[in-house]
Amino acid sequence: MTIRNLDKLFSPASVAVIGASERAGSIGSVLTRNLVTGGFAGPVWGVNPHYDTTVHGAPCFPSVAALPAAPDLAIIVTPMASAPGLVAELGARGTRAAVVISASREDAEGAAIKTAILQAARPYTMRIVGPNCLGVMVPATGLNASFAHLPPIRGRLAFVTQSGAIVTSMIDWAQSRDIGFSHVVSLGDMSDVDIGDMLDYLANDGGTDAILLYIEGITGARKFVSAARAAARTKPVIVVKGGRFAAGARAAATHTGAMMGRDEVYDAVFRRTGMVRVYTLQELFNAAETLSRVRRLRGERLAILTNGGGLAVLAADALASLEGTLATLGEDTVAALDALLPPNWSRANPVDVIGDASPARFAEAAKILAADKGIDALMIIHCPTAVCPGPEAAHAVIEALAGKKTPQLLTSWVGGATALAARELFAAAQVPTYPTPEQAIRGFMHAVNHARGQRILMETPELAPEAREPELRAVAEILAHARAAARPWLDAAETRAVLKAYGFAVIEVEQVATPAQAGTAAARIGGAVALKIVSPDIPHKTDFGGVVLDLIGPEATRAAAEAMLASIRARLPEARIEGFSVERMVHRPGAYELILGMSPDPQFGPVLVFGHGGTATETIADTALALPPLNLHLARSLISRTRIARLLGGARGMPGADLDAIALALVNLSQLVCDFTEIAELEINPLLADARGVIVLDARIRLGEAVAPGTERLAIKPYPRELEEDVPLADGRVLWLRPVLPEDEPALQRAFDKLTPDEIYLRFFAPLKALSHAMATRFTQIDYDRQMVLILTEHGAPGTTEYYGSVNIVCDPDLQQAEYAILVRHDMTGKGLGGLLMRRIIAYARSRGIGEIFGEVLAQNHSMLSLCQQLGFRLETNPHDQSVVTVRLPLEDTPEV
């Protein structure tokens, strides 16, 4: 489940407290009182056999059966063992949401009770929050179903957390700053309703402008990632992750696995979804301050105004450390400040108005900076002086900038009592204010990083070079052969063959059984060779003397093999030795050694790694992680997050490497991981990279069990290649029906330009003159788990071919409904393509288990309405708008067409 019945949780018509009480200090008492006094408009009922009439003024009944009606929402504060029976009884009466406040034991008995609660709720699709939680609060409706010590103020921030203690801390902090919330939700153990469900719900909540999260773990990786991607595209999502450091590290068979900490994986997940990560509770508070008061920034150029030069230096340092941008003052601005300020003012940004500045000088300087179009945000930092008291300066600034929407104003009044009074003035004026300049900078950068993240995620990827298709059948045969032999590791020749099938340049290798055969192989290869031990029990060959380089001739190679064999048998007598690999040495002076790999995360599945390779890769510790699948844009972003990226681009007179080839190698690796679920771990180390391209010097592939169809192995659903289909036309042409790719945006834009005004109106219900980039990304950069766009085009590189038509569906998170839309270019009508597209998208929806497809069709679109009737859709006239017809096709009881 995701959002089903969450309306009963957050917008209930009635609430019952099971275990209501008036006993002083009890949770049942505090919670009932909070509900009764919070302003909730609906009936609140108590259930407790020990009270005859009322509890804190709410009618009280001896049992659930005695309630006058089924409550929309039930709050359970009775002992945990009673919860399953109560949930079953409430569900049978018609209740569809419950919050289990009671704490559960962290043992087998506690787990059994939680399972019993879910089993009791399932027949009624009843949603459960908790157990072991503080409750839920919706200030707009007066719902305070919690035992928090203070009610939150009404506002437009949502706060979702797994920790009840952090809920109360946030409410306490926010109330003193007049910061309000749309929802405050303590999820506790997340037996049912989890972070992903809340992101889906809040993404579509019109009363929520931004979402704050405190998480310790997630359930359902793909649901979480899909929900986070959807939410972060509509509003800022700020997350702090608890439990960053594990008590111990697992042993890993590859460098890739050893370098993938759990927190680094979460970091990759947050970045891919577009959420902004913070690391401390104070940063989360700063984010709340920023997001509750900062409008959408028009840019990220920051001006700093202060009466204390040292404070400005600290602020500028903090901005530089977070990769922020100081604005450059315009000539008119400098001239105006010259006329206002003493001759010894800074004459640059930060602007120091000098310590003797009066409140009036402070305010006038702020007005001058606010008029500069090259400034997107203005941060004013004040240190208390006798000539410029904090409250007076704050009042002057507020008055001077009243009504100005740009630039965005942020403030930091440093100090104690006088600063506190000034901060209260700013809070009342809805101006973000922070105790220190560093906190102000961090708050500003939260908004900047959200905007940056969205720009990066919505960029149209560059077109990949035309490349041959991977040799899927050859790879499948290699993997099947190894699995049939019960070998978890591919040998060197098999590994190179797999990588070669996916476009990697590899050096040829000969695998032999004896030292004498190694010498013979060296003679065949000629020149310098590398000799490596072959053993499934020695993953890191260099650590045990299993690699010798630059051997010349057969005798040197044979002797090295004999010595290697004797040494390894002495050090690792139990190791299985299968022979040696002999390969030509590659000498490319100035080339860089890189590592590319994949290792499985227990929660998020395969995770890719890129970084500085070679034998010292773990010591250098210069790697970055990303979730597959990748395109060229995402691959470049992954490369840029490493220190070696600066060298790869060319530095200090050293030649750079072919970044296009490196990025393409990452894309190919990602595709291999997506295509073959039996690949459990993979490492290329080193991948040699220079201006001539890249070549694999060594690699390892470990196999596991193939994942069954329908299993969510990857956190992000990859491109569904199985939906590709050739479509022959009567005139002899063959079109290509396939899912859309982000790279298709240029083709979509060209196709839109060719549409007639009537076609645009019938499809978009509005006379659009152009298709914006933001709108185009809605149709090309999709989450294949929740949306599908099938396009009719030609074979060729995405974005370069003609775009003849498309059909798309957008599913709700529960897969109950999907809305469709279709468009066929006017010069392609009359060929049956509209019917083909509709039948294919209906078949796809049915395969996903979607309950119903629906759409809105203009009443004048007779051809579409006729097609819908032929396909079995039910037509419904909209009573509020006669020009629109709603068409519906239930898929569960409708035969395939």
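First, a word on scope: everything that follows refers to the structure included in this document.

Parameters and conventions
Each chain has its residues counted from 1, following the order in which its sequence is written. Local features in this predicted model are restricted to residues of pLDDT 70 or higher, and side-chain atom pairs are both shown and tallied only at a pLDDT of 80 or more, whereas totals for entire chains, interfaces and linings draw on every residue. Only hydrogens and water are set aside; all other atoms, that is, all heavy atoms of the structure, feed into the side-chain values. Numbering goes from the N terminus for both helices and strands, where a helix is a DSSP run of H or I of at least four residues and a strand is a run of E of at least two. Our radius of gyration is a C-alpha quantity, and the globule rule it is checked against amounts to 2.2 Å times the number of residues to the power 0.38. Think of it in three bands: with a 1.4 Å probe and only protein chains considered, a residue is buried below 20% of the maximum accessible area for its type, exposed above 50%, and partly exposed in between. All accessibility values rest on the Shrake-Rupley procedure with a 1.4 Å probe; residue burial counts only the protein chains present in the view. In this charge count, Lys and Arg are treated as positive and Asp and Glu as negative; neither His nor the chain ends contribute. The atom standing in for a charge is NZ when the residue is Lys, CZ when it is Arg, CG when it is Asp and CD when it is Glu. For two strands to count as paired, DSSP must find a minimum of two bridges between them. For helices, the fitted axis covers only the stretch in contact; all axes are lines through C-alpha atoms, and the angles between them, taken along N-to-C directions, range from 0 to 180 degrees. Each Phe, Tyr or Trp ring, with Trp reduced to its six-membered ring, pairs with another whose centre is within 6.5 Å; inter-plane angles below 30 degrees give stacked pairs, above 60 give edge-to-face pairs, and intermediate values give tilted ones. Should the NZ of a Lys or the CZ of an Arg lie within 6 Å of a ring centre and within 35 degrees of the ring normal, that charge is described as sitting over the ring. The term salt bridge refers to a side-chain nitrogen of Lys or Arg lying within 4 Å of a carboxyl oxygen of Asp or Glu. Here a cavity denotes a set of grid points, spaced 1 Å apart and computed over the protein atoms alone, in which a 1.4 Å probe fits but from which it cannot get out, and a pocket denotes an open set meeting protein on both sides within 12 Å along at least five of seven lines; residues with an atom within 4 Å of a point are reported as lining. Grid points are joined across faces, edges and corners, and a volume is the space filled by probe spheres set on the points. Charged residues are taken to be Asp, Glu, Lys and Arg, nonpolar residues to be Ala, Val, Leu, Ile, Met, Phe, Trp, Tyr, Cys and Pro, and polar residues to be all remaining types, Gly included. Nonpolar cores are built from buried Ala, Val, Leu, Ile, Met, Phe, Trp, Tyr and Cys residues. Side-chain atoms within 4.5 Å join them into one set. Contacts between residues were defined by any pair of non-hydrogen atoms, one from each residue, lying within 4.5 Å. The term polar contact refers here to a pair of N or O atoms within 3.5 Å; inside protein, the definition further demands a hydrogen-donor-capable atom paired with an acceptor-capable atom, and it admits residues adjacent in sequence only when both atoms are side-chain atoms. Between the first and last residue of a helix there are one fewer steps than residues, each counted as 1.5 Å, and that sum is the expected span. In this scheme, a crossing is called left-handed if the near helix is turned counterclockwise away from the far one by less than a right angle; it is called right-handed if the turn is clockwise.

Concerning the overall build of the protein
Right, on to step 1. Broken down by element type, the protein carries 29 helices and 37 strands.
Right, on to step 2. What you see for the protein is a C-alpha radius of gyration of 32 Å, in line with the 29 Å of a compact globule of 897 residues.
Right, on to step 3. For the protein, the spread of C-alpha atoms along the principal axes amounts to about 95 × 80 × 65 Å.
Right, on to step 4. When burial is assessed residue by residue, the protein has 55% of its 897 residues classed as buried.
Right, on to step 5. Put simply, the protein shows about 36,600 Å² of open surface, and 54% of that area lies on carbon and sulfur atoms.
Right, on to step 6. Looking at the protein, you have 82 positive and 96 negative side-chain charges, and the mean spots of the two groups are 0 Å apart.

As for the sheet that holds strand β22 (residues 547-552)
Right, on to step 1. Strand order in the open sheet formed by 4 strands is β20-β23-β21-β22, and the pairing between neighbours is antiparallel. With partners counted over all chains shown, the strands left at the sheet margins are β20 (509-512) and β22, one partner each. With strand direction ignored, the average angle separating the axes of adjacent strands in the sheet is 25°.
Right, on to step 2. When strand β21 (residues 528-534) meets strand β23 (residues 579-584), the two strands line up antiparallel, connected through 6 bridges. From the neighbouring strand, A530 faces β23, where its bridge partner is E583.

Comments concerning unusual backbone geometry
A negative phi angle characterises most non-glycine residues, just as the trans form characterises most peptide bonds.
Right, on to step 1. Following G130, the chain continues into P131 via a peptide bond in cis, with omega recorded as -5°.
Right, on to step 2. Looking at where P131 falls in the secondary structure, it is placed in the loop between β7 (127-129) and β8 (135-138).
Right, on to step 3. The amide bond that connects N349 to the next residue, P350, takes the cis arrangement and shows omega of 10°.
Right, on to step 4. For N5, which is not glycine, the phi torsion reads 65° and is therefore positive.
Right, on to step 5. With respect to the helices and strands, the residue N5 is situated in the segment before α1 (6-10).

So, the packing of aromatic side chains
Here the distance between the centres and the angle between the planes together describe a pair of aromatic rings.
Right, on to step 1. The final tally for this structure, using the stated rule, is 9 aromatic pairs.
Right, on to step 2. For the pair F10 and Y201, a centre-to-centre distance of 5.0 Å together with 35° between the ring planes defines the contact as tilted. One end of the pair, F10, is in helix α1; the other, Y201, is in helix α6 (residues 195-203), with 191 residues separating them in the sequence.
Right, on to step 3. With a relative accessible area of 18%, Y201 lands in the buried category.
Right, on to step 4. An aromatic cluster of three or more residues is present, and its members are Y266, F270 and F604.
Right, on to step 5. For K241, the ring lying beneath its charged end belongs to Y266, and the centroid distance is 4.6 Å.
Right, on to step 6. When the ring centre of W736 is taken as origin, the NZ or CZ atom of R738, which lies over that ring, is 5.3 Å away.

Considerations on the sheet that holds strand β31 (residues 734-739)
Strands pair in a sheet through their backbones, by hydrogen bonds, and they do so in one of two ways: parallel or antiparallel.
Right, on to step 1. The strand order β30-β31-β32-β33-β34-β35-β37-β36 describes an open sheet built from 8 strands, whose pairing is mixed. Because the sheet does not close on itself, it has two edges, and the strands there are β30 (725-728) and β36 (874-877). With strand direction ignored, the average angle separating the axes of adjacent strands in the sheet is 25°.
Right, on to step 2. In terms of strand pairing, strand β34 (residues 817-824) meets strand β35 (residues 852-858) through 3 bridges, oriented parallel. Opposite A818, over in β35, you have I853 as the bridge partner.

Observations regarding the pairing of β8
Right, on to step 1. Every second residue of β8 is oriented toward a common face, with G135 and M137 on one face and V136 and V138 on the other, all of them buried.
Right, on to step 2. Here β8 runs beside strand β9 (residues 143-146); their pairing, made up of 4 bridges, is antiparallel. In the sheet register, V138 faces β9, and the bridge partner there is L143.
Right, on to step 3. As defined by bridge partners, β8 adjoins strand β11 (residues 180-186) across 3 bridges and the pair is classed as antiparallel. Along β11, the bridge assignment pairs V136 with V185.

Digging into the pattern of salt bridges
Right, on to step 1. A full pass over the atoms with the stated rule returns 49 salt bridges.
Right, on to step 2. Of the charged contacts, one joins R786 and D200 as a salt bridge, the two residues approaching to 2.5 Å between their closest N and O atoms. One end of the pair, R786, is in the loop between α27 (773-780) and β32 (787-793); the other, D200, is in helix α6, and 586 residues separate them in sequence.
Right, on to step 3. Judged by its relative accessible area of 13%, R786 is buried.
Right, on to step 4. Via salt bridges that share partners, R127, D192, D194, D197 and K223 belong to a single interconnected network.

Some points on empty space enclosed by the protein
Right, on to step 1. Tallying each qualifying case throughout the model produces 1 cavity of 30 Å³ or more.
Right, on to step 2. Only α25 (745-753), α26 (757-764), β33 (805-811) and β34 provide two or more residues apiece to the lining of the largest cavity.
Right, on to step 3. Among the residues forming the lining of the largest cavity, the class breakdown is 13 nonpolar, 3 polar and 2 charged.

Structural notes on the nonpolar core
Right, on to step 1. In this structure, I75, L199, L213, F224 and F604 are the most contacted members of the largest nonpolar core, which totals 63 residues.
Right, on to step 2. Among residues more than four places away in sequence, those in contact with F604 are I218, A221, F224, V225, R262, V265, Y266, V269, L627, R713, L714 and A715.
Right, on to step 3. Grouped together as the second largest cluster of nonpolar side chains are 54 residues, L790, V824, L837 and M864 included.

Some points on helix α18 (residues 492-501)
Right, on to step 1. The buried count for α18 comes to 7 of 10 residues, which makes it a mostly enclosed element.
Right, on to step 2. Within α18, burial applies to A492, E494, T495, R496, V498, L499 and A501.
Right, on to step 3. The distance from a side-chain oxygen at the start of α18 to the backbone nitrogen of A493 is 3.1 Å, and the residue carrying that oxygen is D491.
Right, on to step 4. Among the residues trailing α18, G503 stands out with phi positive, at a value near 90°.

Describing the environment of D658
Right, on to step 1. Its location among the elements puts D658 in the loop between α23 (644-648) and α24 (659-675).
Right, on to step 2. When the C-alpha atoms of D658 and G693 are compared, they prove to be 5.3 Å apart, with 35 residues separating the residues in sequence.

Remarks on helix α5 (residues 164-176)
Right, on to step 1. Relative to the 18 Å expected for 13 residues at 1.5 Å per residue, α5 spans 19 Å between its end C-alpha atoms, a close match to the ideal helical length.
Right, on to step 2. Within α5 the residues assigned to the buried category are I166, V167, T168, M170, I171, W173 and A174.
Right, on to step 3. On the buried face of α5, the contacting elements are β8, β10 (153-161), β11, β12 (210-215) and α10 (281-293).
Right, on to step 4. Sitting at the amino-terminal end of α5 is S163, which places a side-chain oxygen 3.4 Å from the backbone nitrogen of A165.
Right, on to step 5. Two residues or fewer after α5 comes D178, characterised by a positive phi angle close to 60°.

Quick notes on the layout of surface pockets
Right, on to step 1. Taken as a whole, the second largest pocket encloses approximately 1,400 Å³ of empty space.
Right, on to step 2. Looking at the second largest pocket, it is lined by 36 residues, and the ones nearest its centre are D267, R271, Y279, N449 and R641.
Right, on to step 3. Of all the elements in the fold, those that place two or more residues in the lining of the second largest pocket are α9 (262-273), β14 (276-278), α16 (437-458), β26 (623-626) and α22 (632-640).
Right, on to step 4. If one sorts the elements of the lining of the second largest pocket by residue count, α16 sits on top with 8 residues.
Right, on to step 5. Per-class residue counts for the lining of the second largest pocket are 17 nonpolar, 8 polar and 11 charged.

So, the packing of α25 against α27
Right, on to step 1. Running from N to C, α25 and α27 cross one another at 115°; their axes reach a closest spacing of 10 Å. In this structure, α25 crosses over α27, and the sense of that crossing is right-handed. Here E745, L748 and Q749 of α25 lie close against α27, whose contacting residues are H773, A776, T777, F779 and T780.
Right, on to step 2. Partitioned by chemical class, the residues of the contact of α25 with α27 number 3 nonpolar, 4 polar and 1 charged.

Some remarks on the environment of L425
Right, on to step 1. With respect to the element layout, L425 can be found in helix α15 (residues 417-428).
Right, on to step 2. Classification of L425 by relative accessible area gives partly exposed; the value is 34%.
Right, on to step 3. Residues L425 and A774, spaced 349 residues apart in sequence, show a C-alpha to C-alpha distance of 38 Å.
Right, on to step 4. When residues no more than four places from it in sequence are discounted, the contact partners of L425 are P391, A394, H395 and I398.

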